[in-house]
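Structural overview
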Amino acid sequence: MSRPGLQVALLAAGWAAFFWLVSAQELWARTLSRLFPGVSTPVYERNTLWELTWQHLSLTGVTMALVLLIGVGLGVWATRPQGRAFLPLVNNLTTVGQTFPPIAVLFLALPLVGFGAVGAVAALTLYALLPVTRSTVLGLQGVEAPVLDAARGLGLSAAQRLWRLEVPVALPAILSGIRTALVLTVATATLAPMVGTGGLGVPIIAGLGADNLALILQGAVPVALLALLGDFTMRTLERRLTPWAS
């Protein structure tokens, strides 16, 4: 089996093992009961780990869709002639989201959008915009001026230069920024229950409140595995889409 094929096989096996693990509620209960025999509630009982995982994935998926739409869009617009004057402003606005700790961003979003999933998605989107926008800007600015001049000389329109020349050159940087934003979102989404939504942060926060390490591990272990799988998935995608940059 070729190296790319092996990576895809390992990725598929990793996701299959992850979903099997989060669906094995009884296995978690038995294992955590043995590890922490003095704990009366070794697993979170209001929701299954499977339900919490899908809540976390949904929250992450919606956030990343918005981050891609807004972050890449801002990066492209700020590098066009009509938006270049606003490039410093775009950089400053996207940096604001990471100036504050994640929990501060979550609570700052509450007066605008309120409690619940909408507030969590808004705050997570703001927090994850920086790496995507910045990588898009840096990638597009990395196209050398003589190359662009040659494309103009060939009669390519602005849209053709963007999609046929600039985006392929910038794609490795853009994908790297998306990977960073994905891992950041998976980790930061564990704080979302503090503003009234679900996810794998629910047992973590419940465990912290009750001084229950078993509950904390029930949420923390899947989050760590999910972040690792997300990173591996994006790295595999980068190698498939940009083999010249590997």
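Before going into details, it helps to say that this report is about the structure given with it.

Rules used in this analysis
Note on numbering: residues in each chain are counted from 1, in written sequence order. Local features in this predicted model are restricted to residues whose pLDDT is 70 or higher, and side-chain atom pairs enter the listing and the counts only when it is 80 or higher, whereas totals over whole chains, interfaces and linings include all residues. Note that the side-chain values use all heavy atoms of the structure and ignore hydrogens as well as water. Counting from the N terminus, the helices are the DSSP runs of H or I reaching at least four residues and the strands are the DSSP runs of E reaching at least two. The span one expects for a helix is its residue count, reduced by one, times 1.5 Å. For the purposes of these results, a polar contact is taken to be a pair of N or O atoms within 3.5 Å, where, inside protein, one atom must be able to donate a hydrogen and its partner to accept one; residues adjacent in sequence count only when each atom of the pair is a side-chain atom. Throughout, a residue-residue contact means that at least one pair of heavy atoms, one from each residue, lies within 4.5 Å. Definition used in this section: a nonpolar core is a set of buried Ala, Val, Leu, Ile, Met, Phe, Trp, Tyr and Cys residues joined via side-chain atoms within 4.5 Å. When a residue's accessible area, from a 1.4 Å probe over protein chains only, is under 20% of the maximum for its type it is buried; when over 50% it is exposed; and in between it is partly exposed. The rule is simple: put a 1 Å grid over the protein atoms alone, call a set of points where a 1.4 Å probe fits but cannot get out a cavity, call an open set with protein on both sides within 12 Å along at least five of seven lines a pocket, and count a residue as lining if it has an atom within 4 Å of a point. Grid points are joined across faces, edges and corners, and a volume is the space filled by probe spheres set on the points. Under the scheme applied here, ten amino acids are nonpolar (Ala, Val, Leu, Ile, Met, Phe, Trp, Tyr, Cys and Pro), four are charged (Asp, Glu, Lys and Arg), and all others, including Gly, are polar.

1. Describing helix α10 (residues 213-241)
Across its 29 residues, α10 extends 41 Å between first and last C-alpha, which sits within 8% of the 42 Å expected from 1.5 Å per residue. Looking at where α10 begins, the residue whose side-chain oxygen comes 3.0 Å from the main-chain nitrogen of Ala-214 is Asn-212.

2. Structural notes on the environment of Leu-11
When you line up the elements, Leu-11 lands in helix α1 (residues 3-23). Once the C-alpha coordinates of Leu-11 and Leu-182 are considered, the two residues, 171 residues apart in sequence, prove to be 16 Å apart. Excluding residues that lie within four positions of it along the chain, Leu-11 makes contacts with Leu-229, Phe-232, Thr-233 and Thr-236.

3. Brief notes about the nonpolar core
Ranked by size, the top nonpolar core spans 34 residues in total, and within it Leu-32, Ile-178, Ala-181 and Val-186 carry the most contacts. Taken together, the elements giving at least two residues each to this core come down to α1, α2 (25-35), α3 (49-78), α6 (117-141), α8 (158-188) and α10. Element by element, the count of residues in this core is highest for α8, at nine residues. If we skip the residues at most four places from it in the chain, Ile-178 touches Met-64, Leu-68, Val-132 and Met-234. Counting residues in hydrophobic clusters, the runner-up holds seven residues, among them Ala-120, Val-121, Leu-124 and Ala-189.

4. Observations regarding the layout of surface pockets
Here the largest pocket defines a volume of roughly 300 Å³. The wall of the largest pocket is formed by 16 residues, among which Thr-79, Arg-80, Arg-84, Arg-152 and Glu-166 lie closest to the centre. Of all elements in the fold, only α6, α7 (145-153) and α8 reach the threshold of two or more residues within the lining of the largest pocket. Counting residues per element, the lining of the largest pocket draws most heavily on α8, which supplies five residues. Its residues assigned to classes, the lining of the largest pocket shows eight nonpolar, three polar and five charged. Considered as a void within the structure, the second largest pocket measures approximately 200 Å³ in volume. Looking at the second largest pocket, it is lined by 13 residues, and the ones nearest its centre are Thr-60, Gly-61, Met-64, Leu-182 and Val-186. Secondary-structure elements contributing two or more residues to the lining of the second largest pocket are α3, α8 and α10. The leading source of residues in the lining of the second largest pocket is α3, at six residues. Its residues assigned to classes, the lining of the second largest pocket comprises 10 nonpolar, three polar and no charged.

Shape is all these values report; function is a separate question.
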